[in-house]
Amino acid sequence: MNIEALDLGEDKSLLLVDDDDAFLRRLAKAMEKRGFEVEMAESVAAGKAIATARPPAYAVVDLRLEDGNGLDVVETLRARRPESRIVVLTGYGAIATAVAAVKIGAIDYLAKPADAKDVTNALLALKDMLPPPPENPMSADRVRWEHIQRVYELCDRNVSETARRLSMHRRTLQRILAKRSPR
C-alpha cells in the first residue's frame, strides 16, 4: 500500500490507546506520516474521555491497560460513533478477549508488536475483504503460548484447573506461565 495513495476519507481522526509509551509514540508518528490526525491516550480513562468528547473515525486500542480493559474504550466509542473503524491490539494470551472485541464492534485484532503497515491495512480493509496476512505471523510456539494463556484466563487463572483441562502437569504449566511470551 502506497503511503501517498491512502484514502482515509474526510475525517482522518485516529485515537491510539496504549500504555506502552515508546510503542504509542512510534505508532503515532508512523500513522501521522500516513495522513492520520492522531490523538493519543495512555489509559482506559483517557481513551474513554476522548472517545466521548471527540469520537474519532479510526481507533487502535490495546486490550490490556494498566487501569483496566481496552474493551471499555471500544464500547464507549461504538456507542458514540458506530461507524468508526476500531482495531484491537493484544500483547498477551487474550485471543478470546480479542474475538470478544470483534463481536462488540472492533473490525480486527492484531498481535503486538504490530507495525504501522499492519495497523493501516486492518483499519482500511473493506468490509468484504480481509486485510493481507501479516508479514511476520505468529510462530507455532507463540500460538501454543496464546492457547495456554487463553485457557488459563478462562479458568480464572487457576493453575491446577488449567493444567487439568490441558492434560498437562501442573509444574510444567507453571514453568510455561513464568516465561515471557515467544515471538
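Residues numbered from 1 in each chain as written. Predicted model: local features only at pLDDT ≥ 70, side-chain atom pairs only at ≥ 80, totals over all residues. Heavy atoms only, no water.

Draft legend 1. Fine view of the confidence of the model for the chain. Per-residue confidence for the chain gives a mean pLDDT of 84; residues scoring 70 or more make up 89%. Note on residues 1-5: pLDDT is under 50 here. Beyond four places in sequence and across chains, it has six contacts. (pLDDT = per-residue confidence, 0-100. Contact = heavy atoms within 4.5 Å.)

Draft legend 2. Looking closely at the sheet that holds strand β7 (residues 108-111). Spatially, β2-β1-β3-β6-β7 is the arrangement adopted by the five strands of the open sheet, whose pairing is parallel. Each edge of the open sheet is held by one strand with a lone partner, namely β2 (37-41) and β7. Across this sheet, the average inter-strand angle for adjacent strands is 20°, counted without regard to direction. As defined by bridge partners, strand β6 (residues 85-90) adjoins β7 across four bridges and the pair is classed as parallel. When the bridges of β7 are listed, V87 appears paired with D108. Strands in contact with helix α1 (residues 21-33) are β1 (13-17), β2, β3 (58-62) and β6; relative to β2, the strand with the most contacts, it is inclined by about 170°. (Pairing = 2+ DSSP bridges. Helix = DSSP H or I, 4+ residues; strand = E, 2+ residues; numbered from the N terminus. Axes fitted to C-alpha atoms, helices over the stretch in contact; angles between N-to-C directions.)

Draft legend 3. Focus on unusual backbone geometry. A positive phi is found at D156, a non-glycine position, where the angle reads about 55°. Mapped onto the fold, D156 is located in the loop between α6 (140-154) and α7 (159-165).

Draft legend 4. Focus on α6. Spanning 15 residues, α6 covers 21 Å between terminal C-alpha atoms, matching the ideal 21 Å at 1.5 Å per step. Taken as a whole, α6 has its buried residues at R142, W145, E146, I148, Q149, V151 and Y152. Directly after α6, the chain includes D156, whose backbone phi takes a positive value near 55°. (Expected span 1.5 Å × (residues − 1). Buried < 20%, exposed > 50% of the residue type's maximum accessible area, 1.4 Å probe, protein only.)

Draft legend 5. How the structure looks around the packing of α1 against helix α5 (residues 116-124). Close contact between α1 and α5 brings their axes to 10 Å; oriented N to C, the two are set at 60°. Relative to α5, the element α1 is oriented oblique. You can see that α1 and α5 cross each other, and the crossing is right-handed. Contacts between α1 and α5 involve L27, A30 and M31 from the former and A116, V119, T120 and L123 from the latter. The residue makeup of the contact of α1 with α5, split by class, is six nonpolar, one polar and no charged. (Parallel < 35°, antiparallel > 145°, perpendicular 65-115°, else oblique. Left-handed = near helix turned anticlockwise from the far one by under 90°. Nonpolar A, V, L, I, M, F, W, Y, C, P; charged D, E, K, R; others polar.)

Draft legend 6. Summary view of a positive patch on the surface. Positive charge collects at one region of the surface, where R144, R170, R171, R175 and K179 lie side by side. Per element, the largest residue contribution to the positive patch is three residues, and it comes from helix α8 (residues 170-178). (Patch = residues over 30% accessible without salt bridge, like charges linked within 9 Å, V, L, I, M, F, W, Y side chains within 5 Å. Areas by Shrake-Rupley, 256 points an atom, 1.4 Å probe, with all protein chains shown as cover. Salt bridge = Lys/Arg side-chain N within 4 Å of Asp/Glu carboxyl O. Lys, Arg positive; Asp, Glu negative; His and termini not counted. Charge placed at Lys NZ, Arg CZ, Asp CG, Glu CD.)

Draft legend 7. The arrangement of the pattern of salt bridges in detail. The full count for this structure, using the stated rule, is eight salt bridges. For E153, the salt bridge identified is with R64, shortest N-O distance 3.1 Å. In this pair, E153 is assigned in helix α6 and R64 in strand β4 (residues 64-65), connecting sequence segments 89 residues apart. With a relative accessible area of 27%, R64 lands in the partly exposed category. The shortest N-O distance in the salt bridge between R165 and E161 comes to 2.7 Å. With R165 and E161 both in helix α7 and four residues apart, the pair spans about one turn of that helix. Of the residues examined, R165 reaches a relative accessible area of 52% and is grouped as exposed. For E161, a relative accessible area of 22% gives the class partly exposed. Through salt bridges with shared partners, a single network forms among D11, R81 and E83.

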